[in-house]
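For reference, the chains in residue letters:
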Amino acid sequence: MNKIHLLLAALLGAASPLFAQRDTLTLRDVVVTGTRYRSDMRHLPLDVSIVDRHQLTASYQPSLLPTLSQQVPGLFVTTRGVLGYGLSTGSAGTIKVRGIGGSADLLVLIDGLPQYAGLYGHPLADTYQTMMTERVEVVSGPASAIYGSNAMGGVVNIVTRQTATDGTHTDIHLQGGSYGTFIGTASNSMRRGRFSSTAAVNYERTDGHRPNSAFSQKSGFLKLGYDLSRYWQLQGNVNIAYQESSNPGPVSSPLIDNDMMITRGMATLSLTNDYGSMSGAVRIFYNWGHHHINDGHTAERPAQTAFYMHNDRMGGISAYESLTLFPTTRLTVGFDYQRFGGHAWQKSMADGSHTDIANRTVNEVAGYANIRQELTSWLTADAALRLDHHSVTGNEWIPQGGLTARLPHDMELRALVSKGFRNPTLRELYMYRPANADLIPEHLWNYELSLRQRLMNSRLSYGLNLFYINATDLITTQMIEGRPKNINTGSTENSGFELLASFMTSEHLQLNANYSFLHTSRTLTAAPQHKLFMGANWQRGRFDIHTGLQWIEGLHTDVSSASTENFWLWDATVSLRLNRAVKLFVHGENLLAQHYEVNAGFVMPRATVMAGASVEL
């Protein structure tokens, strides 16, 4: 507790600027996550963080996730190497918010549409890339009333890039460095009258810091838009990624030939309308994947005789309309339909014969309504209710309610009570020996209180979140009559607080930081007890410096072990603009050369350095 008191004093005393930057603290900040329509954050009871494109691109990271892990208090992402999160055994990319997440308890969206593997239900970490992203909106805490299953831990909504003004803009980034790592990205955005487009391609590869840890990925993104009128827009996008990776396994028992070839893709078509007092959308989406995996072997275990293969898919339609009934009342109604599943099999290495593992498809349909009522000029009430029907588990009612008070001196106070849930995945229901077709959904109740204030004409802003989470019916694997079986016996009570603020000291320097404390009733992986980030951005003339220091303490990588990981990570990026078009940069990670693990048995690399050039045309 002494550590907590010291941190509170350091972070809150004398209105210290060393807190986390959140755009939700700026005046008139507008978000879409949590309501489906564009909404002023000052009227929302939800805790929403925004990480904009400037923050995402400051460190020249190809993936969004490292930046989110720094900038969003309470959010933590597992990693295992220089590049790539991988899939299957030993993979990383687990995203947790306030200790809730993991395989399928946190929902990742792209432009408001779900993105996860159809059979396994987990997020697809390697496909969430900076090149296609305008900004990311993160809801901390359940958002199941609006987004349904998998959103019980929170929502990460990736808003793809948009082109608002006529013209053409092209960016090219090339960099290389430690362990034979190379990253190349090229993007082009264009608008001509009613037509707009964004196209991007990315290639990244590394030899890895351990034997058998190579990773490479090729990906492309295309977004086309056409304004049918002042109020209606037609839009479509496609994102495809192909990766080859090797999993070295834990240091104590290295793997040989654990190689993967993964193809992932998504396509969407959207028709949107925005009349100000009324807005909505109809969106059709389809996601797919093909996995070709050799599960590998150890020196003591014989090599595999068959590949693991699967094709998974998820498609559906999402429609909503939001309208102002009265000057103080806003109503949103929506409908979601999803059909997801896939086919998994083993392919013999000797003769190519197939042995089926699973071939299943399920449906999910839901309707929801959200109403916002301004009770007074300073107090807003928000309530939502969703009825979700799953073809296996049946009906689920999900309520949510909150109050937002806009107080004097640019202060906001929010209170929220919300329910979250997650339907069991097809893997949990039907695949492998622990499968149990009688599983019921996981459930969670969340209670939170938050405070925000802006001072000095919004140059200084700070906030505090308090939360309590009670999760039940969590799906765990237990030994029943000598055999493993998935059953709804797990539970956890998570509570804690988060501190955040930013301070623009001058036109050249901005300081930001965040701290989160998490207490859990049981041991959870990827859920550190203490997480602190302190960052600074300095720009003057042709020079730009972006740096951050992160402290992690009380991180469990194995639920069966009492030992924890504790470490400091220092990252820094320095760039020099040679002229209007060309910029040179150097980026370093783990510059303190810390020895640490985030995934059990996967020792992370010591200091790494990348250098490159950026061209803007």
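About the criteria used
Residues numbered from 1 in each chain as written. Predicted model: local features only at pLDDT ≥ 70, side-chain atom pairs only at ≥ 80, totals over all residues. Heavy atoms only, no water. Helix = DSSP H or I, 4+ residues; strand = E, 2+ residues; numbered from the N terminus. Rg over C-alpha atoms; globule rule 2.2 N^0.38 Å. Buried < 20%, exposed > 50% of the residue type's maximum accessible area, 1.4 Å probe, protein only. Contact = heavy atoms within 4.5 Å. Areas by Shrake-Rupley, 256 points an atom, 1.4 Å probe, with all protein chains shown as cover. Lys, Arg positive; Asp, Glu negative; His and termini not counted. Charge placed at Lys NZ, Arg CZ, Asp CG, Glu CD. Pairing = 2+ DSSP bridges. pLDDT = per-residue confidence, 0-100. Core = buried A, V, L, I, M, F, W, Y, C linked by side-chain atoms within 4.5 Å. Phe/Tyr/Trp six-rings, centres within 6.5 Å; stacked < 30°, edge-to-face > 60°. Polar contact = N/O pair within 3.5 Å; in protein donor to acceptor, adjacent residues only side chain to side chain. Salt bridge = Lys/Arg side-chain N within 4 Å of Asp/Glu carboxyl O.

Undergrad: Sorry, what's going on with the overall build of the protein chain here?
TA: Scanning the protein chain from N- to C-terminus turns up five helices and 34 strands. Against the 2.2 N^0.38 benchmark of 25 Å for 617 residues, the protein chain shows a C-alpha radius of gyration of 24 Å, consistent with a compact globule. Its C-alpha atoms give the protein chain principal-axis dimensions of about 70 × 60 × 55 Å. Relative to its full complement of 617 residues, the protein chain shows a buried share of 55%. Long-range pairs, those at least 24 residues apart, make up 61% of the contacts in the protein chain with a sequence separation of at least 6. Just so you have it, the protein chain exposes about 24,700 Å², and 58% of that area is on carbon and sulfur atoms. Mean positive and mean negative side-chain charge positions of the protein chain (49 and 50 charges, respectively) differ by 4 Å.

Undergrad: Where do I start with the sheet that holds strand β4 (residues 75-77) in this structure?
TA: Pairing between the strands of a sheet is mediated by backbone hydrogen bonds and can be parallel or antiparallel. Spatially, three strands are ordered β4-β5-β6 in an open sheet, and the strand pairing comes out antiparallel. Bordering the open sheet on either side are β4 and β6 (100-101), each of which pairs with just one other strand. As defined by bridge partners, strand β5 (residues 95-97) adjoins β6 across two bridges and the pair is classed as antiparallel. Looking across to β6, one finds that K96 is bridged to G101.

Undergrad: Teacher, can you tell me more about the sheet that holds strand β10 (residues 154-160) here?
TA: Pairing is mixed across the open sheet formed by five strands, whose spatial order is β3-β9-β10-β7-β8. Among the strands making up the open sheet, the edge pair consists of β3 (48-52) and β8 (113-114). Relative to strand β9 (residues 133-140), β3 is paired through five bridges, and the arrangement is antiparallel. Paired with D52 across the bridge in β9 is R135.

Undergrad: In this structure, what is going on with the pairing of strand β14 (residues 215-227)? I would like to understand it.
TA: It is a general feature of regular strands that their side chains alternate between the two faces of the sheet. Here strand β13 (residues 195-206) runs beside β14; their pairing, made up of 12 bridges, is antiparallel. Residue pairing across strands places T206 opposite F215, the latter belonging to β14. Between β14 and the antiparallel strand that follows it, strand β15 (residues 232-246), lie four residues.

Undergrad: In this structure, what is going on with the confidence of the model for the protein chain? I would like to understand it.
TA: When pLDDT is low, close inspection of the predicted coordinates is not appropriate. Per-residue confidence for the protein chain gives a mean pLDDT of 92; residues scoring 70 or more make up 95%. Segment residues 1-28 is flagged for pLDDT under 50; beyond a separation of four residues in sequence, or across chains, it makes 83 contacts in the model.

Undergrad: What should I look at first to understand the nonpolar core in this one?
TA: Within soluble globular proteins, side chains that are nonpolar tend to cluster in buried spots. In this structure, L75, Y147, V155 and V156 are the most contacted members of the largest nonpolar core, which totals 67 residues. In terms of residue count, strand β7 (residues 107-110) provides more of this core than any other element does, four residues in total. Contact partners of L75, with chain neighbours within four places excluded, come to L68, S69, I95, K96, V97, V138, V156 and K531. Grouped together as the second largest cluster of nonpolar side chains are 10 residues, F467, I469, A471 and L518 included.

Undergrad: What's the story with the packing of aromatic side chains in this structure? I'm lost.
TA: One pair of aromatic rings is described through two measures. These are the centre distance and the angle between the planes. The tally for this structure, following the rule as stated, stands at 11 aromatic pairs. Considering the side-chain rings of F182 and Y203, the 6.3 Å spacing of their centres and the 45 degrees angle between planes classify their relative orientation as tilted. On the criterion of sequence distance, the pair formed by F182 in strand β12 (residues 181-192) and Y203 in strand β13 is long-range, its members being 21 residues apart. Judged by relative accessible area, which is 33%, Y203 ranks as partly exposed. Between F497 and Y515, the ring centres sit 5.9 Å apart and the planes meet at 55 degrees, which makes this aromatic pair tilted.

Undergrad: Got a minute to help me understand unusual backbone geometry in this structure?
TA: Excluding glycine, most residues fall at negative phi; most peptide bonds, likewise, are trans. In this structure, A526 takes a positive phi of about 55 degrees despite not being glycine. Mapped onto the elements of the fold, A526 is located in the loop between β27 (509-520) and β28 (530-540). Backbone geometry at N590 places phi at a positive 50 degrees, although glycine is not the residue there. Structurally, N590 can be placed in the loop between β31 (582-589) and β32 (597-599). Exposure remark for N590: the relative accessible area of 4% places this residue in the buried category.

Undergrad: What is the right way to read the environment of Q235 from this model?
TA: Counting through the fold element by element, Q235 comes out in strand β15. C-alpha separation for the pair Q235 and L271, spaced 36 residues apart in sequence, amounts to 6.5 Å. Not counting residues up to four positions away in its chain, the partners in contact with Q235 are K223, L224, G225, T268, L269 and S270. A polar atom in the side chain of Q235 sits 3.3 Å from the side chain of Q233.

Undergrad: It is not clear to me how the side chain of S614 should be interpreted in this structure. Could you clarify?
TA: Structurally, S614 is set in strand β34 (residues 608-616). S614 gets classed as buried once you look at its relative accessible area, which sits at 2%. Separated by 2.9 Å, the side chains of S614 and H173 make a polar contact. The contacts of S614, once residues within four sequence positions are left out, are Y60, I172, H173, A581, V582, K583 and F585.

Undergrad: Would you mind showing me how to read the pattern of salt bridges here?
TA: Where charged atoms from two side chains of opposite charge come close, those side chains can pair. Enumeration over the complete set of coordinates arrives at 19 salt bridges. The partner of D105 in a salt bridge is R422, and the shortest N-O contact between them spans 2.5 Å. With a gap of 317 residues between them, D105 in the loop between β6 and β7 and R422 in strand β23 (residues 411-422) connect regions that are remote in the sequence. R422 matches D105 in its accessibility class, with the two residues each being buried. Between E412 and R414 there is a salt bridge; the shortest N-O distance is 3.0 Å.

Undergrad: So what exactly am I meant to see when it comes to the side chain of T133 here?
TA: As for its placement among the helices and strands, T133 is situated in strand β9. The class for T133 is buried, based on a relative accessible area of 0%. Only 2.9 Å separates the side chain of T133 from the backbone oxygen of Q129, close enough to count as a polar contact. Among residues more than four places away in sequence, those in contact with T133 are R53, L56, L64, I158, V159, T160 and R161.

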